[in-house]
Number of protein chains: 2
Amino acid sequence: MTQLQKARRQETTPEMERVAAKEGLLTVEVRHQIAEGKVVIPANVNHKNLEPMGIGEGMTTKINANIGTSLDFPDQAREIEKMETAVRYGAHTIMDLSTGGKVDEIRRQILSRCSVPLGTVPIYQVATETIAKRKAIVDMNIDDILDVIRRQAEDGVDFMTIHAGLTLHAVERIKKQNRLMGVVSRGGSFLTAWIMKNQKENPFYEHFDKILDIAEEYDVTMSLGDALRPGSLYDATDRPQIDELIILGELVDRCRERGVQVMVEGPGHVPLDQIVTNVKLEKRLAHGAPFYVLGPLVTDVAPGYDHIVGAIGGAIAASAGADYLCYVTPAEHLGLPGPDEVRQGVIASLIAAHAADIMKFPGRALQWDDKMSQARRSLDWKAQRELAIDPDRFDEIRNKYKSSSDACSMCGDLCALKIVDECFGINRSGYKKQL
Amino acid sequence: MTQLQKARRQETTPEMERVAAKEGLLTVEVRHQIAEGKVVIPANVNHKNLEPMGIGEGMTTKINANIGTSLDFPDQAREIEKMETAVRYGAHTIMDLSTGGKVDEIRRQILSRCSVPLGTVPIYQVATETIAKRKAIVDMNIDDILDVIRRQAEDGVDFMTIHAGLTLHAVERIKKQNRLMGVVSRGGSFLTAWIMKNQKENPFYEHFDKILDIAEEYDVTMSLGDALRPGSLYDATDRPQIDELIILGELVDRCRERGVQVMVEGPGHVPLDQIVTNVKLEKRLAHGAPFYVLGPLVTDVAPGYDHIVGAIGGAIAASAGADYLCYVTPAEHLGLPGPDEVRQGVIASLIAAHAADIMKFPGRALQWDDKMSQARRSLDWKAQRELAIDPDRFDEIRNKYKSSSDACSMCGDLCALKIVDECFGINRSGYKKQL
């Protein structure tokens with residue numbers, strides 16, 4: 001049985017208990033949210049040593065790091081290093097998007113070392129295997145798809161992006177929609193090509209129940225992919241995007257009817273003032289299903305800095321109710337990220353998530369900030385380092401610009417804190433006790 | 001006469017014309033906003049070769065980069081390199097906050113090479129000169145202050161942070177306000193010490209008219225400093241901060257009465273959901289004066305990444321009406337930044353400003369994004385590089401992760417854009433002409 005099915009029977013699982021403990025909630029509260037479909041715990045029955053994570057309304061905002069080989073960089077060891085880097089710096093989940101090298105083997109290697117929930121996009125593997133058979137992507141069929149999904153589910157994949165919302169009807173209409181970027185989702189592009197060539201309904205949509213059979217068996221959480229996510233500000237919140245969101249909402253109902261956990265994917269490039277609308281719309285059209293957003297990217301012009309662009313959008317989205325942020329790295333739009341870009345992407349997303357959680361859950365989230373400010377106030381550099389979101393980075397910069405005083409090299413002995421301490425006659429070491 | 005005095009007489013200056021041309025507005029529109037006090041053009045009559053900049057309502061959002069020596073890093077050449085780096089990457093203004101080495105000489109060197117408006121915080125130099133005379137900061141007097149302000153004005157400084165809003169009355173009350181961080185503004189801490197020791201009114205407040213005499217003579221724009229800006233989320237939007245903002249509003253009136261251009265400084269550490277309130281409050285209490293905000297920083301826990309934290313807050317502040325963002329670098333809270341941190345701080349602030357301008361002025365700002373998306377759509381890497389906010393960074397990452405295909409190494413030949421092109425039978429080179 002899935003977490004959802006058990007929650008509906010008011011059965012408590014170890015995963016629910018663990019999530020409740022981490023979130024500082026009662027288990028019954030978490031269970032209630034799962035039963036309502038407002039929270040998911042992606043936890044494949046075959047994923048050993050999993051640290052379960054709650055995603056959805058009432059949970060702190062989670063962030064995901066994408067890793068995985070590409071045709072240009074099929075090196076397995078590099079992707080394992082990226083996975084370990086992402087987890088070390090705080091990623092709550094990992095997605096393996098491998099398309100280069102031995103995809104099954106890479107996934108199994110990653111799963112065996114990955115304590116956080118692992119997601120995949122099965123169509124990527126279907127496409128690479130179809131190509132390997134010297135066929136074109138448009139030649140894949142539902143058996144190829146179900147074969148990959150079953151293999152990945154058996155391995156222990158906790159959640160899968162399923163692009164079932166792109167319909168034949170939508171593909172026929174999209175050419176009239178004056179999109180600037182067209183289809184930028186990779187899975188969406190494979191399916192657009194497949195649908196156009198075969199003039200048949202999207203096999204993920206057509207055979208959605210067969211996919212749910214497997215999902216139910218292993219408790220794989222469905223992450224309904226947005227094949228038509230906007231790839232430029234120009235295309236944001238347009239008819240194709242919202243049209244697909246309505247279909248995704250219908251698919252949420254079908255997952256819930258089957259007892260399969262489900263969340264919805266969204267955004268991409270969205271202007272700052274359309275983000276809240278996107279979040280509210282998903283929560284309404286998908287009946288409160290957890291919302292998993294990429295970015296959102298609030299400008300198109302900053303390749304090399306899209307982790308910052310995504311942090312701006314992510315903070316706004318999460319504060320409006322998005323539950324789960326997919327990171328963007330500085331390599332976005334330029335190439336496959338390496339470990340350093342993974343680290344930067346993870347931290348930027350964590351900052352966005354935490355900034356939003358301060359608003360969503362001030363009681364829980366602000367304690368960290370208050371402790372940091374106390375440490376800062378008392379010029380306690382050791383405590384500041386320990387509390388820093390990235391202590392390694394703290395050291396890197398502090399050691400680069402050392403000061404001769406006990407303050408920092410920005411102001412040295414002209415430090416505002418030191419000066420005010422002196423004039424108020426305050427003994428700095430007393431600060432910790434004051435608060 | 002100042003730009004404000006001329007605007008009131010409906011006289012058009014070359015600076016107004018230049019600003020109007022850059023903003024894509026009519027000169028009469030810019031002049032009207034200046035006459036109303038809603039826009040300033042910081043342009044000291046003695047600053048040669050100045051590229052004037054309009055700051056305020058109706059103007060695109062501007063960003064400032066702080067540079068300047070410290071006690072630990074008094075090297076003049078390094079600060080000139082930082083100034084040049086900041087201007088090269090797009091800073092609209094520079095502030096020289098030097099407190100180490102020969103402060104007059106450094107400022108003059110910077111001014112002679114600085115084509116954008118230059119600001120200072122005169123109390124920093126007053127403090128260093130007072131200390132150099134083997135006296136304490138609390139020994140400075142109004143003559144020392146006016147001497148520095150006049151010297152800087154004569155040199156051509158375009159705008160000055162004047163901490164005239166911190167009153168004797170406020171200092172007496174602040175101890176009861178349960179602030180976590182107390183006073184974190186450096187100028188504010190000097191004045192708190194001075195006021196407590198001397199038990200007299202803040203000399204900048206007491207003798208504000210004498211400061212305005214000099215400001216009027218050289219057309220130095222007053223940037224009213226917020227001595228009590230919050231240094232932690234815990235202290236944000238508290239009574240001391242808003243109390244001071246009211247005084248700053250009164251001082252705005254006094255500047256305007258004298259025909260002196262004026263803007264108001266604000267934020268620091270502010271939770272995401274209090275930013276809009278801060279901006280609306282300033283616009284109301286200071287009667288529409290341009291709002292110049294530091295950050296805002298939406299969390300305290302990310303030293304090493306405060307440029308990202310500030311970009312989140314800055315984008316929200318600017319989209320709510322803040323006119324001018326002071327950058328924050330990755331070295332904030334850790335040390336004096338070097339050239340690389342200056343570059344990162346400038347770009348992060350520019351991203352925030354542009355993301356907000358897309359909302360404020362979609363007609364003007366979105367053209368850049370649309371061009372970038374067109375270039376991306378047609379896989380035109382040369383055009384993408386030219387349009388990138390930082391073409392050097394574009395090269396650094398793209399060269400690091402090269403692809404064997406004409407797409408990027410993220411997807412290689414599995415590029416969504418390429419696949420959809422093929423299935424729609426689109427010749428990619430035709431894209432540029434389509435839009």
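Right above here is the structure, for reference.
Note that the coordinates shown come from a computational prediction; the quantities given were computed from them, not determined experimentally.

## Topic: the overall build of chain A
Right, so step 1: For chain A, the helix and strand inventory stands at 20 helices and ten strands.
Right, so step 2: Taking 22 Å as the expected radius of gyration for a compact globule of 435 residues, we find that chain A reaches 23 Å, a close match to that expectation.
Right, so step 3: Principal-axis analysis of the C-alpha atoms gives chain A an extent of 80 × 50 × 40 Å.
Right, so step 4: The buried share of chain A, reckoned over its 435 residues, is 67%.
Right, so step 5: Considering only residue pairs separated by 6 or more positions, chain A has 73% of its internal contacts joining residues 24 or more positions apart.
Right, so step 6: Of the roughly 14800 Å² of accessible surface on chain A, 48% is carried by carbon and sulfur atoms.
Right, so step 7: Of the side-chain charges in chain A, 53 are positive and 62 negative, and the distance between the mean point of each set is 2 Å.

## Focus on the relation of the copies chain A and chain B
One copy of the chain maps onto the other through a rotation about an axis plus a displacement along that axis.
Right, so step 1: Mapping chain A onto chain B is achieved by rotating through 180° and translating by 0.0 Å along the same axis, at an RMSD of 0.0 Å. Taken together, these values place the two copies in the relation of a two-fold axis. Across chain A, the rotation axis passes nearest the C-alpha of I312 of chain A, at a separation of 2.2 Å.
Right, so step 2: Residue by residue, 100% of the interface of chain A is reproduced at the interface of chain B, so both copies engage with the same surface.

## As for the side chain of Q261 of chain B
All names here are of chain B.
Right, so step 1: Turning to its location among the elements, Q261 is positioned in the loop between α12 (239-257) and β8 (262-269).
Right, so step 2: The class of Q261 is buried, set by a relative accessible area of 2%.
Right, so step 3: A distance of 3.2 Å separates polar atoms of two side chains, one belonging to Q261 and the other to D219.
Right, so step 4: If near-sequence neighbours (up to four positions away) are discounted, Q261 is found in contact with Q3, L4, I34, V39, V40, I41, P42, D219, V220, T221 and M222.

Reading the values: rules and limits
- Residue positions within a chain follow its written sequence, with the count starting from 1.
- Written order determines the labels here, with chains lettered from A and ligands numbered from 1.
- Note on the predicted model: pLDDT of at least 70 is required for a residue's local features to be given, and 80 or more for side-chain atom pairs to be given and counted; whole-chain, interface and lining totals, by contrast, use all residues.
- Calculation of side-chain values draws on the structure's entire complement of heavy atoms; hydrogens and water are dropped beforehand.
- A helix here means a DSSP run of H or I that spans at least four residues, while a strand means a run of E at least two residues long, and both kinds are numbered starting from the N terminus.
- C-alpha atoms define the radius of gyration, and 2.2 Å times the number of residues to the power 0.38 defines the globule rule.
- Exposed residues in this analysis have more than 50% of their type's maximum accessible area, buried residues have under 20%, and partly exposed residues fall in between, with area computed by a 1.4 Å probe over protein chains only.
- Here, residues are in contact when the closest pair of their heavy atoms is within 4.5 Å.
- What sets the accessible areas is the Shrake-Rupley method with a 1.4 Å probe; for residues, cover comes only from the shown protein chains.
- For the purpose of charge, His is not counted, nor are the chain termini; Lys and Arg are scored as positive and Asp and Glu as negative.
- For charged residues, the charge sits on one atom: NZ in Lys, CZ in Arg, CG in Asp, CD in Glu.
- The fit set for superposing copies consists of C-alpha atoms from residues with pLDDT of at least 70 in both; the fit itself is least squares.
- Under this definition, polar contacts are N or O atom pairs within 3.5 Å; protein pairs additionally need one hydrogen-donor-capable and one acceptor-capable atom, and for neighbouring residues in sequence, both atoms have to be side-chain atoms.

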